[in-house]
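# Fold and geometry: a report
Chain by chain, the residues:
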Amino acid sequence: MDLLHRALLTAVSALSLFYALVKISLGYWKRRGILHEKPKFFWGNIKGVVGGKRHLQDALQVIYAKYKGRAPFVGFFACLKPFVLVLDLELVRHILVKHAGNFTTRGLYSNDGSELLSGNLLQLDGHKWRALHAQSTGVFTPANINKLLPRIVLISRGVQRSLGKERLQTLNINELVDSYNLDVVASMAFGLSADHTEFRRWTQSYWGKFSLWRAYLALEFPLLAQLLNHKSYAVSAMAYFQKVVLGQLQEQRRRDRQPLQTFLQLYSNMDQPLDDVQIAAQAFGFILAGLVPLNATLSFCLYELARQPELQDRVRAEIRKTLEQHSGQLTTEGLKELLYTKQVLNETLRLHTPYPFLLRRATKEFELPGSVFVIARGNNVLIPTAAIHRDPAIYEEPLRFDPDRFETEAKRTRPAMSFLPFGDGLRGCIAAQFVEQELLVGLVTLLQYHRYTPCSKTTIPLEYDNGRLLLMPKTDIHLNVERVDN
Ligand code: HEM
């Protein structure tokens, strides 16, 4: 046999093996006799997502709408990986709350042996997550969050300065809100006080060359990825974040008793504190889990309010009245009174859900009570929160931005688990209360003396960035900003 024949034979054998492996993988739901969306060769049901032609949320929404009402869940494939897509809110409750013990794992890639900062609460699973979670819940208590308010209010003055004194200007809203949220993270999670230029640079580049492909491969073959020492983030960025935290912790210990102002202090003041590198990992988790959704929420919110001036005026009136009643000071009590502003935030989180889905992996088999439906041990489960938030059977005219949906009475008419921007249960967002506080202070500062309207650079309708798993605007949002003193 000559060389050409051998090469041909090897190629044909390799292709046949590949073809057989793909076919076996994509036959998973059929073999189990479970209702599923018919997969396309290799791509499963997410064709167009990996190349950025459509957002994963769009693909999930289509499957959700097609199968909802036919079964509690449907099978689908993200390339070759089988997923359970949950369609029924009762099943959501079982997974997130009632039987959360069967689903404590998220199944994200973490390599905390060599990439130390991936040992954060979002990425870890198993006993490491359990221990860290138990300690972190003592940090994110309502009492502690309230104590951090004065520092956030102080930081928000920087936004007032960025808005300047000009009567009318066109601003890049993403940059504006990023400067606020970044200052909060730099200060609260990293203890930094002054210039954040270098910190900002690393928060924008820590992914290195992020690609959905690499993220997918690490998710699909985590053991192989660990063996190959795959790192999710740029090494230099991780070194920088770690250096900052270790330096700040040393500095903190040198100084004597200080007023409690940051998460760094809270983490290091615990009865059984984490070690310094673990604290650095949680500080990095703040950037990883929080920065993009915080920025996206404030930008989307101003975009929606710019398009509906009467709603914007109502928010501004509420803000001014509340501040007046509290002698111009932003206090915890004052924030509680911003009921309509909170409705606006919730409607933003419903319509533009930053985390469009929740992930769980079954660590034990789960049989849905009173049914024949079984989620097998090891199954990856996806709860399509953005699709639920846009389900017309739950939210009438779901694409309309309408904060009245979050009036107390309206909320009462909706089923449990129909609003999950922060997830729920054991693995829900640990920072939800802090996030609400930060977003409210941000909105008060941005709206008290400024009116936002669309300008020639505003993209309407808004588009999402298909290259990201979270929902964020494809291009920066620009708006006209007018100073309104009264
Ligand atoms: C608008 C802003 C934010 C939104 C919408 C949001 C939403 C979420 C969601 C949906 C999850 C997954 C919940 C689940 O699987 O059930 C999550 C997890 C998490 N979030 Fe947030 N988040 C935000 C900001 C933040 C911030 C600022 C932090 C800072 C510490 C943070 C820390 C975390 C952590 C540590 C987890 C993982 C919790 C665990 O697995 O135990 N988030 N967040």
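In what follows, the accompanying structure is described. Just so you know, these numbers come straight off a predicted model, no measurement behind them. (Residues numbered from 1 in each chain as written. Predicted model: local features only at pLDDT ≥ 70, side-chain atom pairs only at ≥ 80, totals over all residues. Heavy atoms only, no water.)

## Some points on the coordination of the iron atom of the ligand
- You will see that the iron atom of the ligand has only one donor from the protein, C429 (SG), lying 2.4 Å away.
- Within the secondary structure, C429 sits in the loop between helix 18 (408-412) and helix 19 (432-447). (Donors = N, O, S within 2.8 Å, 3.2 Å for Na, K, Ca; no water. Helix = DSSP H or I, 4+ residues; strand = E, 2+ residues; numbered from the N terminus.)

## Considering the packing of aromatic side chains
- The full count for this structure, using the stated rule, is 26 aromatic pairs.
- Ring centres of F18 and F42 lie 6.1 Å apart, and the angle between their planes is 40°; on these two criteria the pair is classed as tilted. Taken together, the residues span a long stretch of sequence, with F18 in helix 1 (residues 3-26) and F42 in the loop between helix 2 (28-31) and helix 3 (56-67) at a distance of 24 residues.
- Among the residues examined, F18 registers a relative accessible area of 39% and is labelled partly exposed.
- Ring centres of W207 and Y233 lie 5.2 Å apart, and the angle between their planes is 55°; this geometry places the pair in the tilted category. Of this pair, W207 sits in the loop between helix 8 (197-205) and helix 9 (212-220) while Y233 sits in the loop between helix 10 (222-227) and helix 11 (235-254), placing them 26 residues apart in sequence.
- Assessed through its relative accessible area of 27%, W207 is described here as partly exposed.
- Put simply, the rings of F190, F199, W202, Y206, W207, Y233, Y240, F241 and F284 pair up and form one aromatic cluster. (Phe/Tyr/Trp six-rings, centres within 6.5 Å; stacked < 30°, edge-to-face > 60°. Buried < 20%, exposed > 50% of the residue type's maximum accessible area, 1.4 Å probe, protein only.)

## Describing the site of the ligand
- In the neighbourhood of the ligand, 26 residues make up the surrounding shell, with R106, W129, R360, R427 and C429 lying closest.
- In the environment of the ligand, an oxygen atom lies 2.9 Å from a nitrogen or oxygen atom belonging to the side chain of R106.
- One nitrogen or oxygen atom from the side chain of R427 is found 2.9 Å from an oxygen atom belonging to the ligand.
- Elements supplying a minimum of two residues to the shell around the ligand: helix 5 (126-137), helix 13 (276-307) and strand 4 (358-361).
- For the shell around the ligand, the element with the highest residue contribution is helix 13, accounting for six residues. (Near = heavy atom within 4 Å. Polar contact = N/O pair within 3.5 Å; in protein donor to acceptor, adjacent residues only side chain to side chain.)

## A short note on the side chain of T262
- Looking at the element boundaries, T262 is found in the loop between helix 11 and helix 12 (263-268).
- Not counting residues up to four positions away in its chain, the partners in contact with T262 are L148, R151, S187, M188, G191 and Q252. (Contact = heavy atoms within 4.5 Å.)

## Notes on the pattern of salt bridges
- Counted according to the given criterion, the structure contains 21 salt bridges.
- R314 is paired through a salt bridge with D404; the nearest N and O atoms lie 3.8 Å apart. One end of the pair, R314, is in helix 14 (residues 309-325); the other, D404, is in the loop between helix 17 (385-389) and helix 18, and 90 residues separate them in sequence.
- Classification of R314 by relative accessible area gives partly exposed; the value is 41%.
- Here D404 falls in the partly exposed class, since its relative accessible area comes to 32%.
- A salt bridge links E347 to R350, with the shortest nitrogen-to-oxygen separation between them at 2.8 Å. (Salt bridge = Lys/Arg side-chain N within 4 Å of Asp/Glu carboxyl O.)

## Focus on helix 7 (residues 173-188)
- Here helix 7 contains 16 residues, and its C-alpha end-to-end distance of 23 Å stays within 8% of the 22 Å for a straight helix at 1.5 Å per residue.
- Burial analysis of helix 7 places 14 of its 16 residues in the buried class, which makes it a mostly covered element.
- Its side-chain oxygen placed 3.0 Å from the backbone nitrogen of N174, N172 serves as the N-cap of helix 7. (Expected span 1.5 Å × (residues − 1).)

No statement about biological role is implied by the geometric values presented.
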